[in-house]
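# Examining the three-dimensional arrangement
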Amino acid sequence: MAEDPNQWAPATRLIRGGLTRSSFGETSEALYLTQSFAYESAAGADRRFSGEDPGFIYSRYANPTTQMFEERLALLEGAEYCRSLASGMAAVHVALTGLLKAGDHLVAGKALFGSCGWIINQWLPRFGVETTQVDATDLDAWRAAMRPNTKVVLLESPANPLLEITDIAQVAKIAHGAGAKVVVDNVFATPIFQKPLTLGADVVVYSATKHIDGQGRVLGGAILGDKALLEDAYRDIIRHTGPAISPFNAWILLKGLETLDLRVRAQTQTAAALADQIGAHAKVSRVLYPGRDDHPQAAIARAQMTGFSNLLAFDLGSREAAWRFLDALEIVDISNNLGDAKSMATHPSTTTHRAMPEANRLEIGLTEGYVRMSAGLEDLTDLSRDIGRALDAA
Ligand SMILES: *Cc1c(COP(=O)(O)O)cnc(C)c1O
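Throughout what follows, the structure given in this document is the object of discussion. The residue numbering used here restarts from 1 in each chain and proceeds along that chain's sequence as written. Side-chain atom pairs in this predicted model are given and counted only at pLDDT of 80 or more, local residue features only at pLDDT of at least 70, and totals for whole chains, interfaces and linings cover all residues. Side-chain calculation: all heavy atoms of the structure are included, whereas hydrogens and water are not.

### Points about the nonpolar core
Rules: We call a set of buried Ala, Val, Leu, Ile, Met, Phe, Trp, Tyr and Cys residues a nonpolar core when their side-chain atoms join them within 4.5 Å. The cut-offs for exposure are 20% and 50% of the maximum accessible area for each residue type, with area from a 1.4 Å probe on protein chains only; residues under the lower value are buried, those over the upper are exposed, and the others partly exposed. Working definition: helices are DSSP H or I runs of at least four residues, strands are E runs of at least two. Numbering for both runs from the N terminus.
Formed by 28 residues in total, the largest nonpolar core has its most connected members in L96, L106, V183, V203, I223 and Y234. Mapped onto this core, the elements with two or more residues apiece are β1 (81–85), α4 (88–97), β2 (105–109), α5 (114–123), β4 (150–156), β6 (203–207) and α9 (227–241).

Dropping the structure here:
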């Protein structure tokens, strides 16, 4: 083949990347729904297990459909190595524990996806890992948190739920200066609009459940980065602890990648228009969208993202007003999911962030008036009418 996939534009990578065909020449990628693989002889099995023959052994280790998904996503991200896992949280958990051991220290931002907060505050300490959370927008706070035993820095940008932006290149510099690896949860930005590896991150994690599926069907996750570091850190933990994704789910996500670029760009245009409409409404005291000039970290967003994605948050002043808004929606769903073709809105302080103590919620600015919204693929005129009516009702 004369074509080099690494020269392809993203849209081509998403459709052609990682494609391998069986002897039938199927046009749509094959779904290899199999647990294991048979060998032509005892000596062939021996060669497979010794690694001399690189073929498949067992789907907990690797599977041909799963591998197509991993190669396609790696090509999009510009990463040498990708492993897909059963969910975004399996990816975050493996990404962190593969780099940490008892006695190590981790630093993370304070505003994080809820389950990531649980891993940091409840789970890792049980295994002797110390953790510190900082205001992720404050570079001095990151500097002050570094210790001689700091091995991992975890950040999310834009962060859940208020779309706070962290300067990834600057935090990577601070972390690397202290000898720590940088893990970036890139879900909100999507692989279309932000490339953490080029900004200095060592590991990128995704919940593929979100934009990569994009149609609300299956759970999945992925870990990407340089082969030397990641293979060493993650190969055995994935093989032996069993967070493998189902080949069926990997196949759904593989097909989801084909339309990712189109979907995310359309959703982003809608989100930007809705942010302006919502920001101009009298009932809204504040709208947070990384593409607006009034976002507190707008300059950093413009420097490190090529688009601002489909999530926004806005403050209606009280829980009662936020609930009246949600209950008045007729098209947009009340749901905590995001990245879906269907527009969704949620009240973070009583759903996704209800487990966070109130003091911590207030520390990250999450008051009870906030609604978080994920713009979908419906017609903008219909969404504007639905949201305008709900804002009036708030
Ligand atoms: C959804 C999400 C996760 C977890 O992903 P699951 O697929 O639900 O396990 C992690 N981080 C962020 C930012 C998310 O939005």
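Now that the structure has been shown, the text picks up again.
### Considering the environment of L154
Selection criterion: Whether two residues touch is decided by their heavy atoms; if any such pair falls within 4.5 Å, the residues are in contact.
Note on placement: L154 falls in strand β4. With a relative accessible area of 1%, L154 lands in the buried category. Sequence separation between L154 and N336 is 182 residues; the distance between their C-alpha atoms is 23 Å. Those residues in contact with L154, other than ones at most four positions away along the chain, are L96, V107, A108, G109, L112, I120, W142 and V183.

### What to know about the environment of W123
Mapped onto the secondary structure, W123 falls in helix α5. Sequence separation of W123 and H93 is 30 residues, and the distance between their C-alpha atoms is 9.7 Å. Apart from the residues lying within four places of it in its own chain, the contact partners of W123 are H93 and W118.

### What about empty space enclosed by the protein?
Definition in use: Whether a set of points on the 1 Å grid over the protein atoms alone is a cavity depends on a 1.4 Å probe fitting there but being unable to get out, while an open set qualifies as a pocket with protein on both sides within 12 Å along at least five of seven lines; lining residues are those with an atom within 4 Å of a point. Grid points are joined across faces, edges and corners, and a volume is the space filled by probe spheres set on the points.
Inspection of the entire model under this criterion finds 2 cavities of 30 Å³ or more. Counted as a void, the largest cavity has a volume near 70 Å³. Lining of the largest cavity is provided by 13 residues; of these, S59, T66, R83, S84 and A244 occupy positions nearest its centre. Contributing elements (two or more residues each) for the lining of the largest cavity: α3 (64–77) and β1. In terms of residue count, the dominant contributor to the lining of the largest cavity is β1 (3 residues).

### Examining the site of the ligand
We count it as follows: A cutoff of 4 Å decides nearness: a residue is near a molecule or strand if any of its heavy atoms lies inside that distance of it. N or O atoms closer than or at 3.5 Å make up a polar contact, with two conditions inside protein: a donor-capable atom paired with an acceptor-capable one, and, for residues adjacent in sequence, both atoms drawn from side chains. Computed with the Shrake-Rupley method and a 1.4 Å probe, the accessible areas treat only the protein chains shown as cover for residues. Residue polarity follows a fixed list, in which Ala, Val, Leu, Ile, Met, Phe, Trp, Tyr, Cys and Pro are nonpolar, Asp, Glu, Lys and Arg are charged, and the others, Gly among them, are polar.
Around the ligand sit 13 residues in total, of which G88, D185, S207, T209 and K210 are the nearest. Contacts to the ligand include M89, whose backbone N or O atom sits 2.8 Å from an oxygen atom. Contact with the protein chains covers 92% of the free accessible surface of the ligand, which is 380 Å². A per-class count over the shell around the ligand returns 5 nonpolar, 5 polar and 3 charged.

### What to know about the side chain of E70
Here E70 lies in helix α3. Judged by relative accessible area, which is 8%, E70 ranks as buried. Excluding anything up to four places from it in sequence, E70 contacts C82, R83 and S84.

### Quick word on the side chain of S87
Along the chain, S87 falls in the loop between β1 and α4. For S87, a relative accessible area of 18% translates into the label buried. Within the structure, S87 has its side chain in polar contact with the backbone nitrogen of M89 (distance 3.3 Å). Once you skip the residues sitting within four places of it in the chain, S87 turns out to touch L219, G220 and G221.

### Re the pairing of strand β12 (residues 370–374)
This is how the line gets drawn: Strands pair, by our definition, only if DSSP identifies at least two bridges between them.
Most of β12 sits inside the fold, with 5 of its 5 residues counted as buried. Here β12 shows a buried face lined by Y370, R372 and S374 and a second buried face lined by V371 and M373. As paired elements, strand β9 (residues 311–315) and β12 share 5 bridges and run antiparallel to each other. Opposite D315, over in β12, you have Y370 as the bridge partner. Sheet topology places strand β11 (residues 344–346) next to β12; 3 bridges connect them, and they run antiparallel. Within β12, the position partnered with M344 by the bridge is S374.

### With respect to the pairing of β9
Most of β9 is tucked away, with 5 of its 5 residues classed as buried. Judged by which residues are buried, β9 turns out to be covered on both faces: L311, A313 and D315 on one side and L312 and F314 on the other are all buried. When strand β8 (residues 286–288) meets β9, the two strands line up antiparallel, connected through 3 bridges. Bridge pairing links L288 to A313 in β9.

### Description of the layout of surface pockets
The computed volume of the largest pocket comes to approximately 900 Å³. Looking at the largest pocket, it is lined by 33 residues, and the ones nearest its centre are Q67, E70, R83, K227 and E231. At the level of elements, α2 (42–50), α3, β1 and α9 are the ones that each hand at least two residues to the lining of the largest pocket. At 5 residues, the largest contribution of residues to the lining of the largest pocket is made by α3. Classifying every residue of the lining of the largest pocket by side-chain character gives 13 nonpolar, 9 polar and 11 charged.

### Quick look at the sheet that holds β8
Hydrogen bonding along the main chain pairs the strands of a sheet, whether they run parallel or antiparallel. Operational definition: In this analysis, axes come from line fits to C-alpha atoms, helices being fitted only over the stretch in contact, and the angle between any two N-to-C directions falls in the range 0 to 180 degrees.
Across the sheet, 5 strands lie side by side as β8-β9-β12-β11-β10; this open sheet has mixed pairing. At either end of the open sheet lies a strand with only one pairing partner, and these are β8 and β10 (333–334). In this fold helix α11 (residues 260–279) packs onto β8, β9 and β12, with an angle of close to 10 degrees to the strand it touches most, β9. Running over the sheet, helix α13 (residues 319–328) touches β9, β10, β11 and β12 and is turned about 30 degrees from β12.

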